[in-house]
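Working through the structure, step by step
Listed here are the chains, written in short residue letters.
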Amino acid sequence: MPRPSDSVVRAITMDGAFRVITALTTETVRGAVAVQAATGATAQRLGELITGAILVREAMAPNLRVQAIVKGAAGHGSLVADSHPDGTSRGLVNLGKGATAESAVEIGGGSLLQVMRTLPSGMLHQGVVEIPTEGGISAGLMAYMQESEQVVSMIAVATLIGEDGVGASGGYLVQLLPEVERGPLMVMTERLKDFERLDDVLAHEGASADVLLGELLYGMPFSRLDDSPLSFSCRCSELRVMATLASLPRSDIEEMVTDGKVLDIRCDYCGKDYQVSPSQLRSLLTTS
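The chain appears in an unreviewed UniProt entry as Hsp33 family molecular chaperone HslO from Sorangium atrum.

Pasting the structure below:
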């Protein structure tokens, strides 16, 4: 049986009470985790953060970029998730100085979640919240939506890690709309209590964003709005590398040209290597 492709699905209940977004992110997370050589709790948290960034983007800025950053307790390490409107996402792990392969970015007890999203004007909207001591990345995302976006949402994200790495990953966001009444709210609240084991749904063979949507809204009439594919991909390129170098002070570029060595630059997100020759650097001096 072919594995379902990563995708995000959007729907609204027919009574106008809830907007629901579900996502399967298994292959996306596998790609990011593999490049970052993340394992254990770090791989799990990176996967959950990537899924969360996708859900926040879909809810608040579907046509714009969202970046989510977790800063570990006491400043020990960080995780970055970068989600773009074309459905591609990437991640970054920084375990900090002195970290070992078994180290993990600690969540809760002073850890912070920072979310930045691009506004239509080109400016950035930024919010920072402390991640609750319980509930992990999911709790941090709900705190962000409530405190920074002023939107009441119920969010759950999960990444399952097994002996062979990422087994499955996904999540959902349920947003309360102004039309919600007490009855439907109580039904949804009880439904989500029964749905606390998101892991069980994701672990089931054939799990998909649509399966997740169907489980969440079982027995509740809803309209499936649309869906879009998700994947792991990095946006680095030689052009972006040269643009970054061009932003350096002219004196720094001149020094590198005089040194005469080929620059070796590696993308932290995907591990791709770029070589910049002295002649390429020299061309920056004629345009800077």
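From this point on, the discussion continues.
When helices and strands are tallied, the chain shows 9 helices and 13 strands. Counting only residues that meet the buried cut, the chain has 47% of its 288 residues in that class. For the chain, contacts bridging at least 24 residues in sequence account for 63% of all contacts bridging at least 6. Taken as a whole, the chain presents about 14200 Å² of accessible surface, with 52% of it coming from carbon and sulfur.

Strands in a sheet are paired, the pairing made by backbone hydrogen bonds, and the direction either parallel or antiparallel. Read across the open sheet, the 6 strands follow the order β7-β6-β3-β4-β5-β11; overall the sheet is mixed. Each of the sheet's edge strands pairs with one partner strand only, and the pair in question is β7 (124-130) and β11 (231-232). Bridge count between strand β3 (residues 66-71) and strand β4 (residues 78-83): 6 bridges; the pairing is antiparallel. Paired with Q67 across the strands is D82, a residue of β4. Across the sheet, helix α2 (residues 40-60) lies against β3, β4, β5 (88-94) and β6 (112-118), angled at about 35° from β4, the strand it touches most. Against the sheet, helix α3 (residues 136-147) engages β3, β6 and β7, with an angle of about 125° to β7.

What follows is about the pattern of salt bridges. The full count for this structure, using the stated rule, is 12 salt bridges. With a closest N to O distance of 2.9 Å, R224 and D227 form a salt bridge. Its relative accessible area of 37% is what places R224 among the partly exposed residues.

Summarising the model, the chain shows a mean pLDDT of 86, and 90% of its residues fall at 70 or more. Of all secondary-structure elements in the chain, the lowest mean pLDDT belongs to helix α4 (residues 182-194), at 67, while β11 reaches the highest, 96.

Conventions used here
Residues numbered from 1 in each chain as written. Predicted model: local features only at pLDDT ≥ 70, side-chain atom pairs only at ≥ 80, totals over all residues. Heavy atoms only, no water. Helix = DSSP H or I, 4+ residues; strand = E, 2+ residues; numbered from the N terminus. Buried < 20%, exposed > 50% of the residue type's maximum accessible area, 1.4 Å probe, protein only. Contact = heavy atoms within 4.5 Å. Areas by Shrake-Rupley, 256 points an atom, 1.4 Å probe, with all protein chains shown as cover. Pairing = 2+ DSSP bridges. Axes fitted to C-alpha atoms, helices over the stretch in contact; angles between N-to-C directions. Salt bridge = Lys/Arg side-chain N within 4 Å of Asp/Glu carboxyl O. pLDDT = per-residue confidence, 0-100.

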